[in-house]
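# Structural overview
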Amino acid sequence: MPVNIIPLLFISAASFLNIFSYGYLPTILFEGFILIQSFFIYFISLYYKLSYKLPNSINKFLVVNLFFLIISSIFQSSFYSISRSIALIFGVTSFYFLGANISRKHLFLFIKFLIFCFYLGVLLCLISEKISIYQYTGFFNNPNNLGRFFSYFFVIFLTFLLKYKREIPQLFSFQIYLIILGSFLFLSFSQARAAIL
């Protein structure tokens, strides 16, 4: 069914823009893509008559987040905080819908795409700068950007492994463990507090 291919393309493109945007691609590319994607995904859900319902835990998180960022915008007299919240709502709801409607085959294909991105990121870092155990910047010229990059992989692959540990081959499982360890090491070398948290 076409809905299996379209979500895979959206997630892949958005993930690529997100993980490689820190200091190298304008963030408007990622934010604009999320906005366009969100509207498009909504129309896909109507066309295929698929459920767009989020779990209560995610709904509560988004409501609390929206509430506090509205307060932040009021006190700062700035639209920036509320725009962050709106982007988060669009991103979370559309990505949850995409994830819920992707076949297992395409999900594993997406994971392989992320594996490629991880190794590409490691290669670029090692070529750009020698490894150091304190505030390593690598390809990103900023430890915070490097930390965010590898924290993304750490969370994604750890979650994937916890859910599919019994269903994936041993060799593939070993590779996932290696990526989790590598992500943790690079994240630690960055000393980026926000990314570590």
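The sections below set out a description of the structure shown in this document. (Residues numbered from 1 in each chain as written. Predicted model: local features only at pLDDT ≥ 70, side-chain atom pairs only at ≥ 80, totals over all residues. Heavy atoms only, no water.)

### Observations regarding the layout of surface pockets
Of the pockets and cavities examined, the second largest pocket occupies roughly 160 Å³. Ile28, Glu31, Gly32, Ile34, Leu35, Phe79, Ser83, Arg84, Ile86, Ala87 and Phe90 are the residues that line the second largest pocket. Those elements that provide at least two residues to the lining of the second largest pocket are α2 (27–48) and α4 (80–100). Of the residues belonging to the lining of the second largest pocket, the class tally is seven nonpolar, two polar and two charged. (1 Å grid on protein atoms, 1.4 Å probe; cavity = no way out; pocket = protein on both sides within 12 Å on 5 of 7 lines; lining within 4 Å. Points joined across faces, edges and corners; volume = space filled by probe spheres on them. Helix = DSSP H or I, 4+ residues; strand = E, 2+ residues; numbered from the N terminus. Nonpolar A, V, L, I, M, F, W, Y, C, P; charged D, E, K, R; others polar.)

### Considering the pattern of salt bridges
Taken as a whole and assessed by the stated rule, the structure comprises one salt bridge. Among the salt bridges present, the one from Glu167 reaches Arg104, with a minimum N-O distance of 3.0 Å. With Glu167 in the loop between α6 (143–164) and α7 (170–190) and Arg104 in helix α5 (residues 104–128), this pair connects stretches of sequence that are 63 residues apart. Given the relative accessible area of 45%, Glu167 is considered partly exposed. (Salt bridge = Lys/Arg side-chain N within 4 Å of Asp/Glu carboxyl O. Buried < 20%, exposed > 50% of the residue type's maximum accessible area, 1.4 Å probe, protein only.)

### Comments concerning unusual backbone geometry
Even without being a glycine, Gln135 presents a positive backbone phi close to 50°. With relative accessibility at 39%, the residue Gln135 sits in the partly exposed group.

### As for the packing of α5 against α7
At a minimum axis separation of 11 Å, α5 and α7 run at an interaxial angle of 40°. As far as their axial angle goes, α7 and α5 are oblique. Considering how the two elements wind past one another, α5 and α7 form a crossing that is left-handed. Where α5 approaches α7, its residues Phe108, Ile111, Ile115, Phe118, Tyr119, Val122, Cys125 and Leu126 are matched on the opposing element by Phe172, Gln175, Ile176, Leu178, Ile179, Gly182, Ser183 and Phe186. Partitioned by chemical class, the residues of the contact of α5 with α7 number 13 nonpolar, three polar and no charged. (Axes fitted to C-alpha atoms, helices over the stretch in contact; angles between N-to-C directions. Parallel < 35°, antiparallel > 145°, perpendicular 65-115°, else oblique. Left-handed = near helix turned anticlockwise from the far one by under 90°. Contact = heavy atoms within 4.5 Å.)

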